[in-house]
Structures are given as structure tokens and as C-alpha cells.
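# Survey of secondary and tertiary structure
Chain by chain, the residues run as shown.
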Amino acid sequence: MISLDEAVTARLESHGARFEVLVDPDAALAIKRDEFDGDLEEVIAAEDVFEDASRGDRPAEEDLEKVFETTDPLEIIPEVIKQGEIQITADQRREMQEQKRRQLIDTITRNAVNPQMDNAPHPPERIENALEEAGFTVDPMEPVQQQVDDALDALRPVIPIRFEEVTIAAQIPAEYAGSAQAQVRQFGDLEREEWQPDGSWIGVITFPAGLQNEFYNVVNEHSSGKAETEIIKDKDDLKTR
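Owing to the predicted nature of the structure, the values given are computational and were not obtained by experimental measurement. (Residues numbered from 1 in each chain as written. Predicted model: local features only at pLDDT ≥ 70, side-chain atom pairs only at ≥ 80, totals over all residues. Heavy atoms only, no water.)

### Details of the sheet that holds strand S3 (residues 85–87)
Spatially, three strands are ordered S2-S1-S3 in an open sheet, and the strand pairing comes out antiparallel. Two strands in the sheet have a free side with no partner beyond their single neighbour: strand S2 (17–23) and S3. Between one strand axis and the next, the sheet turns by 30° as a mean value, whatever way the strands run. The pairing of strand S1 (residues 8–14) with S3 spans three bridges and is classified as antiparallel. Looking at the pairing, Arg11 lines up with Glu85 of S3. (Pairing = 2+ DSSP bridges. Helix = DSSP H or I, 4+ residues; strand = E, 2+ residues; numbered from the N terminus. Axes fitted to C-alpha atoms, helices over the stretch in contact; angles between N-to-C directions.)

### Quick notes on the environment of Gly56
Inspection of the secondary structure assignment puts Gly56 in the loop between helix H1 (25–32) and helix H2 (61–68). In this structure the C-alpha to C-alpha distance between Gly56 and Val219, which are 163 residues apart in sequence, comes to 53 Å.

### Quick word on the sheet that holds strand S5 (residues 120–121)
Read across the sheet, three strands follow the order S5-S4-S6 without closing on themselves; strand pairing throughout is antiparallel. The sheet terminates laterally at S5 and strand S6 (162–163), the two strands that pair on one side only. The pairing of strand S4 (residues 112–114) with S5 spans two bridges and is antiparallel. If you follow Val113 over to S5, its bridge partner there is Pro121. Contacting S4 and S6, helix H4 (residues 90–111) runs over the sheet at an angle of about 60° to S4. (Contact = heavy atoms within 4.5 Å.)

Below, the structure written as C-alpha cells:
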């Protein structure tokens with residue numbers, strides 16, 4: 001379950017009665033769109049249906065039976081969300097908007113590069129400032145992934161930007177290979193790997209280009225700066241060596 005502070009109220013009025021449930025805002029939107037595939041008990045603040053959630057008042061059981069043909073909260077809660085309206089306070093809206101804004105900046109930073117600077121990653125501060133300059137407003141009620149394209153359209157007149165992937169080969173000396181290769185694997189799709197006779201490890205991995213600086217930092221940190229890396233320009237020529 002989530003805390004009350006994280007929850008919003010979904011409200012349905014039907015047959016002269018009111019029904020309210022407390023739910024995570026993102027999960028509520030997913031349920032409303034029939035896109036939710038998680039565990040309902042993990043995204044609600046109470047396994048209960050209320051007449052007035054702020055006071056803790058509950059509706060009569062006969063009203064539940066009349067409208068939903070059940071008194072089971074876990075069956076009723078999704079129906080209240082789907083058929084009703086999601087209520088958020090001004091403070092909740094501001095908090096949700098700020099959270100989505102940070103997520104959006106992080107998503108763009110991790111995936112975007114500057115094509116005029118040899119596909120160098122954009123720092124988060126540059127993305128944040130450019131979004132502000134472009135006047136882009138984050139919608140707190142929409143998933144971040146559905147706002148990325150609109151954000152990029154707003155950013156392009158302000159800064160050179162595009163989404164890109166990069167493929168990098170890394171060779172890690174034997175004394176560091178065990179722990180370092182485990183860290184490297186987490187960055188994206190491992191295209192090839194090979195353990196050398198001397199115990200060193202070579203891996204070729206593809207990941208969002210915006211993570212290049214972080215990738216190099218992790219590789220250097222876990223190999224004491226002794227690893228070698230090379231950007232693979234043409235994935236058709238992928239090979240370990």
C-alpha cells in the first residue's frame with residue numbers, strides 16, 4: 001500500500017450515493033486507460049471504499065450492492081476509478097507536476113545528445129533551462145513517456161538535440177573484470193562478450209547516448225582507470241578483439 005500523502009481521491013456519484021477510493025495518481029490514470037497490470041493492493045492507500053474519504057465515512061452496504069453488485073473493495077475500487085473522476089488538490093497537482101518534470105528531464109538527459117557537438121550528452125541543467133526557455137509545461141496527469149515527443153519538439157528551436165544510442169566496446173583487465181563487467185552490463189543491451197585467456201573481459205554494449213559520461217565514470221571507477229573503451233561506429237562490424 002501507499003501512504004495517504006501519496007494518494008489522490010477517485011470519486012464516483014451514482015444512484016444518489018457517493019463512493020471514494022484512495023489511490024496512487026499514476027496507477028489511477030493507468031486503470032482508467034485499461035493499461036494497469038500491477039498489483040492493486042500496492043497502489044491504494046486503503047483497502048476500503050468511502051462515502052467521504054476525508055472523514056473516513058463509509059457508504060451503506062446496500063448502496064454498494066445496488067451499484068456494484070458486490071461489497072468487495074478490491075472489485076469496487078477499479079470501477080470507481082474507471083467510472084468516476086480523479087480529484088487532486090492544488091498542492092498535489094504542484095507536487096505531481098514537479099515530480100513529472102524531474103522525470104522528464106532525466107529521461108531526456110539519458111537519451112538525448114547534441115548533434116552539433118559530436119553527439120555529446122546534454123547536462124541536465126541545460127535540458128532544464130531549455131525547457132523553461134521554450135515555455136514547456138509538464139502535464140501532471142499524463143505519463144512522462146507520452147510527453148517526451150512534445151518536449152523534444154519544444155526543445156529543438158532552443159538547442160540542437162536528438163535521441164541517439166551509442167555502442168561501446170570495453171576491455172577490462174583481469175583483476176577488475178569480475179565486478180566491473182557486472183556494472184557495465186546494467187547500462188543497456190550486451191551485444192557481444194568474451195573472456196580472454198589472460199582473464200580480462202571484453203564486452204560490447206548498446207545504451208542511450210546520454211549515458212556516455214556516466215558509463216565512462218563507472219568503467220574507470222571499477223577498473224582504477226585501466227579499462228580501454230572504443231565507440232563502435234558501425235554495428236555491422238561488431239566484433240570483440
